[in-house]
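Descriptive structure summary
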Amino acid sequence: VQLRRRRGLVQAGDSLRLSCVVSGRAFDAYGWFRQYPGKDREFVAGLRYRGDHPYYSNPVKGRFTISRDKYENTMNLQMNSLKPEDTAVYYCAVGGGDWREPDTYVYWGQGTLVTVSS
C-alpha cells in the first residue's frame with residue numbers, strides 16, 4: 001500500500017485529494033485514518049470492495065468522499081471544505097473484513113501530513 005501524495009499544505013476551505021496505490025490484490029475493505037500528535041489513529045472513512053455504502057466519521061461526513069478505482073488500483077480520499085482541525089497525518093489502509101470496523105485494517109500506507117491553515 002503506497003501513498004501517492006507525500007504532503008499537503010492548504011488553507012481553510014480548500015480541497016485536497018489523497019490517493020493510495022494498492023498493489024497485489026483486491027481487498028474487502030479500504031479505509032482512511034488520521035492521527036493527531038500524541039493521539040491514537042482515528043478512523044475517518046471506509047469503503048467495501050464493491051464501492052458502495054461508504055462509512056464516514058461524524059467530523060468529516062458531508063465533506064470527505066472515499067472512492068476506489070479498481071482499474072488503476074487506487075483508493076482516494078477527496079477532502080473538501082477543509083478546516084484547521086483536519087490537520088493531521090493521514091493514512092490509507094486495507095484489510096479483509098468489515099469496512100466499517102477499524103480493526104479490519106491491517107495493511108497501512110506510510111502516512112502523509114495534511115496541514116490546513118486558518
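One structure accompanies this document, and this report is about it. (Residues numbered from 1 in each chain as written. Predicted model: local features only at pLDDT ≥ 70, side-chain atom pairs only at ≥ 80, totals over all residues. Heavy atoms only, no water.)

1. Quick look at the overall build of the chain
Short version of the rule: Counting from the N terminus, the helices are DSSP H or I runs at least four residues long and the strands are E runs at least two residues long. For each residue, the accessible area found with a 1.4 Å probe, counting protein chains only, is set against the maximum for its type, and the residue is called buried under 20%, exposed over 50%, and partly exposed in between. The contact rule is simple, with two residues in contact once any of their heavy atoms fall within 4.5 Å. The method behind every accessible area is Shrake-Rupley, applied with a 1.4 Å probe, and residues are considered shielded solely by the protein chains displayed. Charged residues are defined narrowly, with Lys and Arg counted positive, Asp and Glu counted negative, and His plus the chain ends left uncounted. In this description, the location of a charge corresponds to atom NZ of lysine, CZ of arginine, CG of aspartate or CD of glutamate.
Counting its regular elements, the chain contains 0 helices and 11 strands. Each helix and strand of the chain, placed in order from N terminus to C terminus, yields the pattern β-β-β-β-β-β-β-β-β-β-β. A principal-axis box enclosing the C-alpha atoms of the chain has dimensions of 40 × 25 × 25 Å. Every one of the 118 residues in the chain was classed for burial, and the buried ones make up 42%. Considering only contacts in the chain between residues 6 or more positions apart, those separated by 24 or more positions represent 57%. Surface accessibility of the chain: about 6500 Å² in total, with carbon and sulfur atoms responsible for 44%. Taken as two groups, the 17 positive and 12 negative side-chain charges of the chain have centres that lie 4 Å from each other.

2. A few points about the nonpolar core
Rules: Nonpolar cores are built from buried Ala, Val, Leu, Ile, Met, Phe, Trp, Tyr and Cys residues. Side-chain atoms within 4.5 Å join them into one set.
The biggest cluster of nonpolar side chains holds 25 residues, and the ones touching the most others in it are Leu-18, Trp-32, Phe-64, Met-75, Leu-77, Met-79 and Tyr-90. Counting residues per element, the ones that place at least two in this core are β3 (16-21), β4 (29-35), β5 (41-48), β7 (64-69), β8 (74-79), β9 (88-95) and β11 (112-117). With near-sequence residues (within four places) excluded, Met-79 lies in contact with Asp-14, Ser-15, Leu-16, Leu-18, Arg-63, Phe-64, Tyr-90 and Val-114. Among the nonpolar cores identified, the runner-up in size contains 6 residues, and Phe-33, Phe-43, Ala-93 and Tyr-105 belong to it.

3. Concerning the environment of Val-10
Mapped onto the elements, Val-10 comes out in strand β2 (residues 7-11). Remark: the alpha-carbon pair of Val-10 and Phe-27, spanning 17 residues in sequence, is separated by 31 Å. Discounting residues that sit within four places of it in the chain, Val-10 has contacts with Ser-15, Leu-16, Leu-82, Thr-115, Val-116 and Ser-117.

4. A closer look at the packing of aromatic side chains
For clarity, the threshold we go by: Stacked, edge-to-face and tilted labels apply to pairs of Phe, Tyr and Trp rings (six-membered ring for Trp) whose centres lie within 6.5 Å, assigned for plane angles under 30 degrees, over 60, and everything in between, in that order. Put simply, a charge is over a ring when the Lys NZ or the Arg CZ is close to the ring centre, within 6 Å, and near the line of the ring normal, within 35 degrees.
Applying the stated criterion to the full structure yields 8 aromatic pairs. Judged by centre distance (5.5 Å) and plane angle (50°), the ring pair of Phe-43 and Tyr-105 falls under tilted. Linking Phe-43 in strand β5 with Tyr-105 in strand β10 (residues 105-108), this pair joins segments that are 62 residues apart in sequence. Each member of the pair, Phe-43 together with Tyr-105, is buried. Three or more aromatic residues joined by ring pairs form one cluster here, namely Phe-33, Phe-43, Tyr-55, Tyr-91, Tyr-105 and Trp-108. Here Arg-41 stacks its cationic end above the ring of Tyr-91, 3.8 Å away from the centre of that ring. Over the ring of Trp-108 we find Arg-41, and its NZ or CZ is 4.2 Å from the ring centre.

5. Re the pairing of β5
Test applied: Pairing between strands is defined by DSSP: at least two bridges between them are needed.
Summarising burial for β5: 6 of the 8 residues are buried, a large majority. Both β4 and β5 contribute to a ladder of 7 bridges, which runs antiparallel. Each residue of the ladder has a partner; that of Phe-33, found in β5, is Phe-43. Once β4 ends, the chain turns through 5 residues before running back antiparallel as β5, passing Gly-38 with a positive phi of about 75°. Strand direction decides the pairing type here: β5 and strand β6 (residues 55-56), joined by 2 bridges, are antiparallel. Residue pairing for β6: Gly-46 is matched across the bridge by Tyr-55. Following β5, the chain reverses through 6 residues before pairing antiparallel with β6; Gly-51 in that reversal takes a positive phi of roughly 85°.

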